[in-house]
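Structure assessment
One-letter residues, chain by chain:
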Amino acid sequence: MVAEHLGDRVVRLRRLGGQTQEGLAARSGVSVDVVRKLEQRRKHSARLPTLHALARGLGVEVTALLGDPPGVPSTGEVESPQLVALRRAMTPPMFSVPPVPESVAGLSSDALRAELAEGWTLYHGAGFDRVMELLPDLIARTRLVSAAGDVDQRAEGQALLGKTLQLAGHLAIRLGKTDIALAGLERAMTAAEASSDPLLPPMICNSVAWAYQRQNRLADASELALRAADSVQRGGPESATEWRVWGGLLMSAATSAARAGDYDQATDMMTTAERAAGRLSRLPAPTDGRLVSVFSRSSVRIERVRLAVQHGRPEEALTLARGMRVSGSTPPSWRTWLLLDVARARADLGDAVGAVRALESLRRFAPEWMRHHTLAVSIVLDLRAGPSHPPGLRRIADFLGLDA
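Fair warning: this is a prediction, and the values are worked out from it, not measured in the lab. (Residues numbered from 1 in each chain as written. Predicted model: local features only at pLDDT ≥ 70, side-chain atom pairs only at ≥ 80, totals over all residues. Heavy atoms only, no water.)

Below, the discussion takes up the overall build of the protein. When you go through the protein residue by residue, the secondary structure sums to 21 helices and zero strands. Computed over C-alpha atoms, the radius of gyration of the protein comes to 22 Å, within 12% of the 22 Å expected from 2.2 N^0.38 for 404 residues, which places it in the range of a compact globule. With respect to the three principal axes, the spread of C-alpha positions in the protein is 70 × 55 × 40 Å. For the protein, the accessible surface area stands at approximately 18,400 Å², while carbon and sulfur atoms represent 52% of it. Charge separation in the protein, taken as the distance between the mean sites of 50 positive and 44 negative side-chain charges, equals 6 Å. (Helix = DSSP H or I, 4+ residues; strand = E, 2+ residues; numbered from the N terminus. Rg over C-alpha atoms; globule rule 2.2 N^0.38 Å. Areas by Shrake-Rupley, 256 points an atom, 1.4 Å probe, with all protein chains shown as cover. Lys, Arg positive; Asp, Glu negative; His and termini not counted. Charge placed at Lys NZ, Arg CZ, Asp CG, Glu CD.)

The next subject is the nonpolar core. Within the largest apolar cluster, 112 residues are counted, with the highest numbers of intra-cluster contacts made by Leu-86, Ile-139, Leu-359, Leu-383 and Leu-400. If one sorts the elements of this core by residue count, helix α13 (residues 240-259) sits on top with 11 residues. Setting aside residues up to four positions removed in sequence, Leu-359 forms contacts with Leu-340, Ala-343, Met-370, Ile-379, Val-380, Leu-383 and Ile-396. The next biggest cluster of nonpolar side chains, apart from the first, holds 18 residues, and it includes Val-10, Ala-25, Ala-46 and Leu-66. (Core = buried A, V, L, I, M, F, W, Y, C linked by side-chain atoms within 4.5 Å. Buried < 20%, exposed > 50% of the residue type's maximum accessible area, 1.4 Å probe, protein only. Contact = heavy atoms within 4.5 Å.)

Now for the packing of aromatic side chains. Scanning all chains against the criterion turns up four aromatic pairs. Judged by centre distance (5.5 Å) and plane angle (90°), the ring pair of Trp-243 and Trp-246 falls under edge-to-face. Remark: Trp-246 and Trp-243 occur in helix α13; sequence separation between them is three residues, near one turn of the helix. Looking at Trp-243, the relative accessible area reads 11%, which means it is buried. Judged by its relative accessible area of 8%, Trp-246 falls in the buried class. (Phe/Tyr/Trp six-rings, centres within 6.5 Å; stacked < 30°, edge-to-face > 60°.)

Now for the packing of helix α16 (residues 314-321) against helix α17 (residues 332-348). In the contact formed by α16 and α17, the axes pass within 9 Å of each other and the chain directions differ by 140°. When the axis of α16 is compared with that of α17, the two are oblique. Relative to α17, α16 is oriented so that their crossing is left-handed. Across the interface between the two elements, Pro-314, Ala-317, Leu-318 and Ala-321 of α16 pack against Leu-338, Val-342, Ala-345, Arg-346 and Asp-348 of α17. (Axes fitted to C-alpha atoms, helices over the stretch in contact; angles between N-to-C directions. Parallel < 35°, antiparallel > 145°, perpendicular 65-115°, else oblique. Left-handed = near helix turned anticlockwise from the far one by under 90°.)

Attention shifts here to unusual backbone geometry. Phi at Arg-41 is positive, roughly 60°, even though this residue is not glycine. In this structure Arg-41 comes out as partly exposed when scored by relative accessible area, which is 43%. Notably, Asn-216 is not glycine yet its phi reads approximately 70°, a positive angle. Its place among the elements puts Asn-216 in the loop between α11 (200-214) and α12 (218-233).

Glancing now at the confidence of the model for the protein. Put simply, the protein has an average pLDDT of 88, and 92% of its residues get 70 or more. Here residues 69-77 is modelled with pLDDT under 50, and outside its nearest four sequence neighbours on either side it reaches 13 contacts, counting other chains as well. (pLDDT = per-residue confidence, 0-100.)

Mapped onto the elements of the fold, Glu-115 is located in helix α7 (residues 109-124). Given a relative accessible area of 28%, Glu-115 falls into the partly exposed group. Through-space distance from the C-alpha of Glu-115 to that of Thr-164 is 9.9 Å; in sequence the pair is 49 residues apart. Residues in contact with Glu-115, not counting those within four places in the same chain, are Leu-138 and Arg-141.

On to the pattern of salt bridges. In this structure the tally under the stated criterion is 22 salt bridges. Asp-33 is the partner of Lys-37 in a salt bridge, and the nearest nitrogen-oxygen pair spans 3.3 Å. Of the two residues, Lys-37 and Asp-33 both sit in helix α3 (residues 32-39), four residues apart, roughly one turn of that helix. Here Arg-304 makes a salt bridge to Glu-274, at a shortest N to O gap of 2.8 Å. (Salt bridge = Lys/Arg side-chain N within 4 Å of Asp/Glu carboxyl O.)

Turning to the environment of Ser-298, a few remarks are in order. Structurally, the position occupied by Ser-298 is in helix α15 (residues 297-310). Leave out the neighbours within four places in its chain, and Ser-298 touches Met-324, Arg-325, Val-326, Ser-327 and Thr-330.

With 24 residues, helix α9 (residues 151-174) should cover 34 Å at 1.5 Å per step; its first-to-last C-alpha distance of 35 Å lies within 8% of that length. At the N-terminal boundary of α9, the capping side chain belongs to Asp-150, with an oxygen 3.2 Å from the backbone nitrogen of Asp-152. At the C-terminal side of α9, Gly-176 shows a positive phi close to 80°. (Expected span 1.5 Å × (residues − 1). Polar contact = N/O pair within 3.5 Å; in protein donor to acceptor, adjacent residues only side chain to side chain.)

Right, let's talk about the environment of Thr-121 for a bit. Here Thr-121 shows up in helix α7. Residues Thr-121 and Arg-143, spaced 22 residues apart in sequence, show a C-alpha to C-alpha distance of 21 Å.

All right, on to α16 then. Listed in full, the buried residues belonging to α16 are Pro-314, Ala-317, Leu-318, Leu-320 and Ala-321. One face of α16 carries all of its buried residues, which in axial projection span an arc of 160°. Each element contacted by the buried residues of α16 is listed here: α15 and α17. Positive phi appears at Gly-323, one or two residues downstream of α16, with a value of about 70°. (Arc of directions from axis to C-beta.)

Structure (structure tokens):
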């Protein structure tokens, strides 16, 4: 295949909007030179703040520039049966009446929780197709459990339903379907507020903030994350679960600030988060960390590396990454970002050999994730446009399906 170049997406969206290069530059606050270099394929990638600015100027979600699957009409003719089934499970027909079972014999909350945790493991391992297959039935069963039994049993079932819908929302965001994601996350929040887990609503807020980021609603994302973090902090975080939820929200707010161009504010928040993460080593771990927000010293440092790369600070990014030991609890998706960002930083500094070495490590560690990342493609395109082609570059290009 030939991956669509970022510049091709900019040209297509600009022309659809009836804009000139100069008009897009003026509306987005990006120089005409950057727009021209992208459209002429003399520039293969752009920093995330630049992408957000271009998205605002074009009037599209940032996902349209990132190369995620585009939004398509909600009909079975253009969507896979699996996606149609997921959409229907997340947002049932308005005329349907949910069953109210007298009992849920055979549906164990513990078994459902284990199945849900495995679903999150698959998600973090880029097993998106498998998660999409599993979710409709899991949503249906957790919905049944949330409506049966006494008050306590229903509250426990609502927690399972909320967490399952949160996973569905994450998958929809990853597939570029933020409309489906937000509809499902709204239902997840309703379930969370009726659940037995007081930390589930702020965790869902973090997911909604991520969807807002993908829609270029950075101020909304930041405000939501900070409000939710304050709601956790009011009680004074004590358990590892509370600290992880609070820390994940603070990281989300920092990411929104960075994407809006305020790198200093983002760095301050990330530094605060990294100090707070040190408390986790002194606290008992959550019963099943797969069902709790990702937050640790490793995840904070990985996010700091990412933000440094996205803001054109490759030396700072490599300094932050140097000697870092990634904790065993860090999901593969986060390790993937670290290797990609190290490769990007190496490429930006002209170290093609180091960039290819990082990409080769990623291919060995998480091949499926690598195939899902447009950043890997842009790095390879930049390296191929450079003066030297290190050993292994062609092998990586072939793995990504890039034609010579």
